[in-house]
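Descriptive analysis of the structure
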Amino acid sequence: MHLIDYHHHTNHSFDSTASMKEVCKTAIDKGIKEICFTEHFSVNPLAPTYGHMNFTRYFNEIKECQEMFGSQLVIKAGIELCEPHLLKQEYEMALAPLNLDFILGSVHNMNNLKLRKFLENKDAYSAYQSYFYEVYKMVCSADIDVIAHLDLLKRYAVKTIGMYHFEDHKEALEAILKKAVERNIGIEINTSGLRGNLQQALPSIEIVQLYKELGGEILTIGSDSHFADTVGSNLEDAVEMAKQCGFTSIFTFEHRKPIALNLG
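Below or above, wherever it landed, is the structure these notes cover. Model, not experiment: these values are computed from the prediction.

Basis of the calculations
- Residues numbered from 1 in each chain as written.
- Predicted model: local features only at pLDDT ≥ 70, side-chain atom pairs only at ≥ 80, totals over all residues.
- Heavy atoms only, no water.
- Helix = DSSP H or I, 4+ residues; strand = E, 2+ residues; numbered from the N terminus.
- Buried < 20%, exposed > 50% of the residue type's maximum accessible area, 1.4 Å probe, protein only.
- Pairing = 2+ DSSP bridges.
- Salt bridge = Lys/Arg side-chain N within 4 Å of Asp/Glu carboxyl O.
- Disulfide = S-S within 2.5 Å.
- Axes fitted to C-alpha atoms, helices over the stretch in contact; angles between N-to-C directions.
- Parallel < 35°, antiparallel > 145°, perpendicular 65-115°, else oblique.
- Left-handed = near helix turned anticlockwise from the far one by under 90°.
- Contact = heavy atoms within 4.5 Å.
- Phe/Tyr/Trp six-rings, centres within 6.5 Å; stacked < 30°, edge-to-face > 60°.
- Lys NZ or Arg CZ within 6 Å of the ring centre and 35° of its normal.
- Expected span 1.5 Å × (residues − 1).
- Arc of directions from axis to C-beta.
- Polar contact = N/O pair within 3.5 Å; in protein donor to acceptor, adjacent residues only side chain to side chain.

1. Focus: unusual backbone geometry
- In this chain, Leu 202 is followed by Pro 203 through a cis amide linkage whose omega measures 5°.
- Its identity is not glycine, yet Asn 121 carries a phi of approximately 60°, on the positive side.
- As for its placement among the helices and strands, Asn 121 is situated in the loop between helix 4 (115–118) and helix 5 (124–141).

Below, the structure is given as structure tokens:
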């Protein structure tokens, strides 16, 4: 299996101190064949991801790593945008000069509040419905390739209001996924939840299955690791989950064009 990790953060993100070179070395040691770095970025001054990203430094280090490790590891340049359906003109201006291979879109903040703060004094149903509606708005208009960790709210809610029930939110989730299929936007299987309290991937297997049933094809897998030593963690679990849902391919990207890889 051609193992890939299409969601990884380094010290180019505000919440990681990982060295890109160390991540590449560890990825090679683990038999990973391709990695895409997806650093956090926002144009919103109220978001914690604002102001950290230095694109000149980022692309220079990508190039250095490609020169050092290119014979052993395919290295792609990506980005994870926070709420890219908001401040769309500012995002367009910031990203226009960049030669990115891949763009993840995520909802990390609600009404300019971090998700933990947003959850305060909310009941489970309304909190999840509000979150999924924000994801839907993102998918309707944002210029992205893949939805990152589609049900991310559960990571912060599991210890307070608890997990959501798929059937309670199936209509909202179906609207998200139908729009994604319509706009040729993929989803990811993000394995970070398998390393923490959740003990499940983001999104849930029911969402991945529904995406497939609705005609979705573009599926990426990623560890969402912020450390060198957890690069590639649980990717085999993601592959098995993809197969279980009926997928025969996962995808990589080059210059924002999806490329299918047979799961075998």
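2. Quick look at the pairing of strand 10 (residues 249–254)
- Across the six residues of strand 10, five count as buried, placing the element largely inside the fold.
- Relative to strand 11 (residues 257–262), strand 10 runs antiparallel, the two sharing six bridges. In the sheet register, Ile 250 faces strand 11, and the bridge partner there is Leu 261.
- Connecting strand 10 to the next strand, strand 11, in antiparallel fashion are two residues, including His 255 with a positive phi near 50°.

3. Focus on the pattern of salt bridges
- All chains considered together, the criterion is met by 13 salt bridges.
- Across the pair Glu 61 and Lys 21 runs a salt bridge, and its minimum N-O distance is 3.9 Å. Of this pair, Glu 61 sits in helix 2 (residues 55–69) while Lys 21 sits in helix 1 (residues 20–29), placing them 40 residues apart in sequence.
- The exposure class of Lys 21 is partly exposed, given its relative accessible area of 24%.
- Overlapping salt bridges, with partners in common, bring together Lys 21, Glu 61 and Glu 64 in one network.

4. Side note on the state of the cysteines
- The final tally for this structure, using the stated rule, is zero disulfides.
- Left without a disulfide partner, Cys 65 is nearest to the cysteine sulfur of Cys 24, which lies 4.1 Å away.
- Here Cys 82 stays free of any disulfide, with the sulfur of Cys 36 as its closest cysteine sulfur at 16 Å.
- Taking relative accessible area as the criterion, Cys 82 reaches 2% and is therefore assigned buried.

5. A short note on the packing of helix 5 against helix 7 (residues 170–182)
- Their axes nearest at 9 Å, the elements helix 5 and helix 7 cross at an angle of 10°. Considering their axes alone, helix 5 and helix 7 lie roughly parallel with respect to each other. Relative to helix 7, the crossing made by helix 5 is left-handed. Of the residues in helix 7, those in contact with Gln 129, Phe 132, Val 135, Tyr 136, Val 139 and Cys 140 of helix 5 are Ala 172, Leu 173, Ala 175, Ile 176, Lys 179 and Ala 180.

6. Regarding the packing of aromatic side chains
- Per the stated rule, a full pass over the model turns up 12 aromatic pairs.
- Taken together, a centroid distance of 5.0 Å and an interplanar angle of 70° make the contact between Phe 41 and Phe 55 edge-to-face. With Phe 41 in strand 2 (residues 34–41) and Phe 55 in helix 2, this residue pair connects regions lying 14 residues apart in the sequence.
- Relative accessible area serves as the criterion here: at 15%, Phe 55 is assigned to the buried category.
- Ring centres of Phe 102 and Phe 253 lie 4.9 Å apart, and the angle between their planes is 40°; this geometry places the pair in the tilted category. Taken together, the positions of Phe 102 in strand 4 (residues 102–106) and Phe 253 in strand 10 put the pair 151 residues apart, joining distant regions of the chain. Accessibility classification places Phe 102 together with Phe 253 in one group, the buried group.
- In this structure an aromatic cluster arises from ring pairing among Phe 41, Phe 55, Tyr 58, Phe 59 and Tyr 91.
- Over the ring of Phe 247 we find Lys 212; its NZ or CZ atom is 5.1 Å from the centre of that ring.

7. Structural notes on helix 5
- For helix 5, spanning 18 residues, the distance from its first C-alpha to its last is 27 Å, which sits close to the expected 26 Å at 1.5 Å a residue.
- Those residues of helix 5 that fall on the buried side of the exposure criterion are Ala 127, Tyr 128, Tyr 131, Phe 132, Glu 134, Val 135, Met 138 and Val 139. Viewed end-on, helix 5 has its buried residues packed into an arc of 150°, placing them on one side of the element.
- Elements that come into contact with the buried residues of helix 5 comprise strand 4, strand 5 (109–110), helix 4, strand 7 (146–147), helix 6 (153–157) and helix 7.
- The N-cap of helix 5, judged by a side-chain oxygen 3.2 Å from the amide nitrogen of Tyr 125 a few residues on, is Asp 123.

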